[in-house]
Amino acid sequence: MQLLRRWFFLIVIIALAVLGVACRPDGTLMPRRGTPESSGPLFGHPEPVAFAALDEDPVAYHNRLIRVTGAYTSLPLPECGRVRGPVARWALVDQGLRLDAVGYEELLSLVPEGIDLTVDGFWRLYEGPLGCGKEPPTDRLWFLEVVRLVQPNPLPLLNGRSLALDASPRISVTMSVSTLTATPEGTASPTPSETPTPSRTS
């Protein structure tokens, strides 16, 4: 008799536990986990944004997944040997504005200059020491952390071949810093602007 009671109470406890989990608002049996800040392209839909919108109000898109389009240009590495803060190695240019970006450096080094690229990425703000030397000044700079190459697909390469983006190997995204700066068409300056927000040339 006591054995039956024990089994009965055990079954009731298990049933209550399962019922409590099943009645969660999200309807899942797994514990709810917080959404990480960099959830990646699989966990959200990128918002198409023009360079002019980022130039006008960069804070409005801070840490948001966005989609931008511009002409690809490679950037030279800094001349100094020691750099505080990461460095962008490529950028997109559109209507006189340059948006420096990080991620996919190995693959994009094989892409011809001037080709129009559409990419998805997180709009980030870097705050801290930036520049050459042991103690460079502290600065605030905006950059795009690219997580996906969208167009063109296939991606043309310098050797005349092309690469389907869905077949491309995973390229690790290295945190870096850049800024959306006003740049004359066809030119690229490796020096970040001194202001935290981009400005347009006259």
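Okay, so let's go over this structure.

## Comments concerning the overall build of the protein
At step 1: Along the backbone of the protein there are three helices and 11 strands.
At step 2: When the helices and strands of the protein are placed in sequence order, the string is α-β-α-β-β-β-β-α-β-β-β-β-β-β.
At step 3: For the protein, the residues scored as buried account for 35% of the 202 residues in total.
At step 4: A separation of at least 24 residues holds for 65% of the contacts in the protein among residues at least 6 apart in sequence.
At step 5: Carbon and sulfur atoms form 58% of the exposed surface of the protein, whose accessible area is close to 12,500 Å².

## Topic: the pairing of strand β8 (residues 138-151)
At step 1: Burial of β8 is extensive: 10 of the 14 residues sit out of reach of the surface.
At step 2: Taken together, the two bridges between strand β5 (residues 97-102) and β8 define a ladder with parallel strand orientation. Looking at the pairing, alanine 101 lines up with leucine 144 of β8.

## Here we look at the nonpolar core
Nonpolar side chains tend toward joint burial in soluble globular proteins.
At step 1: Formed by 28 residues in total, the largest nonpolar core has its most connected members in Val68, Val119, Leu144 and Leu149.
At step 2: Those elements giving two or more residues to this core turn out to be α2 (51-56), β2 (65-74), β4 (90-94), β5, α3 (105-108), β6 (116-129) and β8.
At step 3: In terms of nonpolar packing, the next biggest core, distinct from the first, is built from eight residues, Ala88, Ala91, Leu141 and Phe143 among them.

## Description of the pattern of salt bridges
At step 1: A complete count under the given rule lists six salt bridges for this structure.
At step 2: Note that arginine 140 and glutamate 127 form a salt bridge whose closest N and O atoms lie 3.0 Å from each other. Residue arginine 140 is located in strand β8, and its partner glutamate 127 is located in strand β6; the two are separated by 13 residues in the primary sequence.
At step 3: In this structure, a network of salt bridges that share partners links the residues Arg67, Asp120 and Arg148.

Parameters at a glance
Residues numbered from 1 in each chain as written. Predicted model: local features only at pLDDT ≥ 70, side-chain atom pairs only at ≥ 80, totals over all residues. Heavy atoms only, no water. Helix = DSSP H or I, 4+ residues; strand = E, 2+ residues; numbered from the N terminus. Buried < 20%, exposed > 50% of the residue type's maximum accessible area, 1.4 Å probe, protein only. Contact = heavy atoms within 4.5 Å. Areas by Shrake-Rupley, 256 points an atom, 1.4 Å probe, with all protein chains shown as cover. Pairing = 2+ DSSP bridges. Core = buried A, V, L, I, M, F, W, Y, C linked by side-chain atoms within 4.5 Å. Salt bridge = Lys/Arg side-chain N within 4 Å of Asp/Glu carboxyl O.

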